[in-house]
Amino acid sequence: QVQLVESGGGLVQAGGSLRLSCAASGRDVYAIAWFRQAPGKERAFVGSIVWSSGRIDYAGSVKGRFSISRDNAKNTVYLQMNSLKSEDTAVYYCAGTRGYGNYDYWGQGTQVTVSS
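The model shown is predicted, which means the values in this text are computed figures rather than measured ones.

Focus: the side chain of T110
Step number 1: As for its position among the elements, T110 is in strand β11 (residues 110-115).
Step number 2: Separated by 3.1 Å, the side chain of T110 and the backbone nitrogen of G9 make a polar contact.

In structure tokens, the structure reads:
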């Protein structure tokens, strides 16, 4: 099994920055992704990182503002969020895939609120 725990959410002003963490434990994952869900909207993809290769992909809405990195020793993936906008307000989740094509493992989510 895989366990994922997000942390680092909070309240920030527009234009500010925040860094989220996703700590992974249990079995290895092929990739970890970040998703977010804003009030009244469907869950949306934010970005992902392949664990072994470090390949990173981003949604167009966050490209140039958000960055993903990993710390192998800590089994942790980070989401650095800069130039935050009110539209970024959402619950942010990290999710893992073992390589089957679906993200089957999910964290509990962490709230990010950006004030305008």
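Digging into the state of the cysteines
Step number 1: What the rule picks out here adds up to 1 disulfide.
Step number 2: Paired by a disulfide, C22 and C94 hold their sulfur atoms 2.2 Å apart. Between C22 and C94 the disulfide shows an S-S torsion of about 70 degrees. By sign, it is right-handed. Highlighted residues: C22 in strand β3 (residues 18-26) and C94 in strand β9 (residues 90-97), separated in sequence by 72 residues. Like C94, C22 is buried.

Quick look at unusual backbone geometry
Step number 1: The phi angle at N75 is positive, at roughly 50 degrees, despite the residue not being glycine.
Step number 2: Secondary-structure assignment places N75 in the loop between β7 (66-71) and β8 (76-81).
Step number 3: At S83, a residue that is not glycine, the phi angle is positive and equals roughly 50 degrees.
Step number 4: Inspection of the secondary structure puts S83 in the loop between β8 and β9.
Step number 5: What makes S83 partly exposed here is its relative accessible area of 42%.

Focus on the pairing of β7
Step number 1: Bridging between β7 and β8 involves 6 bridges; their strand directions are antiparallel. Paired with D71 across the two strands is T76, which belongs to β8.
Step number 2: The turn joining β7 and β8, which pair antiparallel and follow one another in sequence, is formed by 4 residues; a positive phi near 50 degrees is taken by N75.

A word on the sheet that holds β3
Step number 1: The strand order across the open sheet formed by 4 strands is β1-β3-β8-β7, and the pairing between neighbours is antiparallel. Bordering the open sheet on either side are β1 (2-7) and β7, each of which pairs with just one other strand. Averaged over all pairs of adjacent strands, the angle between strand axes in this sheet comes to 20 degrees, irrespective of strand direction.
Step number 2: Here β3 runs beside β8; their pairing, made up of 6 bridges, is antiparallel. Paired with R19 across the strands is Q80, a residue of β8.

Here we look at the pattern of salt bridges
Step number 1: Applying the stated criterion across every chain yields a total of 3 salt bridges.
Step number 2: A salt bridge links D88 to R36, with the shortest nitrogen-to-oxygen separation between them at 2.8 Å. Placement of D88 in the loop between β8 and β9 and of R36 in strand β4 (residues 31-37) is noted, with a sequence separation of 52 residues between them. Assigned by exposure class, D88 and R36 land together as buried.
Step number 3: A salt bridge links R55 to D57; the shortest N-O distance between them is 3.5 Å.

Rules behind the numbers
- Residues numbered from 1 in each chain as written.
- Predicted model: local features only at pLDDT ≥ 70, side-chain atom pairs only at ≥ 80, totals over all residues.
- Heavy atoms only, no water.
- Helix = DSSP H or I, 4+ residues; strand = E, 2+ residues; numbered from the N terminus.
- Polar contact = N/O pair within 3.5 Å; in protein donor to acceptor, adjacent residues only side chain to side chain.
- Disulfide = S-S within 2.5 Å.
- Buried < 20%, exposed > 50% of the residue type's maximum accessible area, 1.4 Å probe, protein only.
- Pairing = 2+ DSSP bridges.
- Axes fitted to C-alpha atoms, helices over the stretch in contact; angles between N-to-C directions.
- Salt bridge = Lys/Arg side-chain N within 4 Å of Asp/Glu carboxyl O.

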